[in-house]
Amino acid sequence: QVQLVESGGGLVQPGGSLRLSCAASGSILSIDAMGWYRQAPGKQRELVAAITSGGSISHADSVKGRFTISRDNAKNAVALQMNSLKPEDTAVYYCNAERVLSGNYRYADYWGQGTQVTVSS
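The notes below deal with the structure included here.

Analysis parameters
Residues numbered from 1 in each chain as written. Predicted model: local features only at pLDDT ≥ 70, side-chain atom pairs only at ≥ 80, totals over all residues. Heavy atoms only, no water. Buried < 20%, exposed > 50% of the residue type's maximum accessible area, 1.4 Å probe, protein only. Helix = DSSP H or I, 4+ residues; strand = E, 2+ residues; numbered from the N terminus. Pairing = 2+ DSSP bridges. Phe/Tyr/Trp six-rings, centres within 6.5 Å; stacked < 30°, edge-to-face > 60°. Lys NZ or Arg CZ within 6 Å of the ring centre and 35° of its normal. Disulfide = S-S within 2.5 Å.

1. Points about the pairing of strand β7 (residues 67-72)
Every second residue of β7 is oriented toward a common face, the buried set being Phe67, Ile69 and Arg71 and the non-buried set Thr68, Ser70 and Asp72. Hairpin connection of β7 to strand β8 (residues 77-82): four residues between the antiparallel strands, including Asn76 at a positive phi of 50°.

2. Quick notes on the packing of aromatic side chains
According to the stated counting rule, one finds one aromatic pair in the structure shown. When the centroid spacing of 5.0 Å and the interplanar angle of 65° are considered together, the rings of Tyr37 and Trp111 count as edge-to-face. A residue pair is termed long-range when its members are at least 10 positions apart, and Tyr37 in strand β4 (residues 28-39) and Trp111 in strand β10 (residues 107-111) qualify at 74 residues. For Arg45, the ring lying beneath its charged end belongs to Tyr94, and the centroid distance is 3.7 Å.

3. Overview of the state of the cysteines
The full count for this structure, using the stated rule, is one disulfide. Paired by a disulfide, Cys22 and Cys95 hold their sulfur atoms 2.1 Å apart. The sign of the -85° torsion about the S-S bond sets the Cys22-Cys95 disulfide as left-handed. Placement of the pair is Cys22 in strand β3 (residues 18-25) and Cys95 in strand β9 (residues 91-102), with a sequence separation of 73 residues.

Below you can see the structure in the form of structure tokens.
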């Protein structure tokens, strides 16, 4: 069984920074893409940023220039550095691992439990 464990998040003032981390554990052979999604109250879950095993990155337009995603393939880990945070960044942030090939030689997608990010003065 594959698990994603997230850390980071919390309360920060507008303009501040936070760093989210996520590590995948279990019988993992490979992970195609890892990323972060967020869901604000009353809204649909949306992609924040994602990175493939080859290093290709995609960002939501709303976070470009402020958020940076990075990945450690050897550790099956992904991080999201969030700078210049705005109140509209407030949401539950979820780590995602896409097309995980596990020890049973099957592909599946996995989600973390979510971590709250609140940007408020």
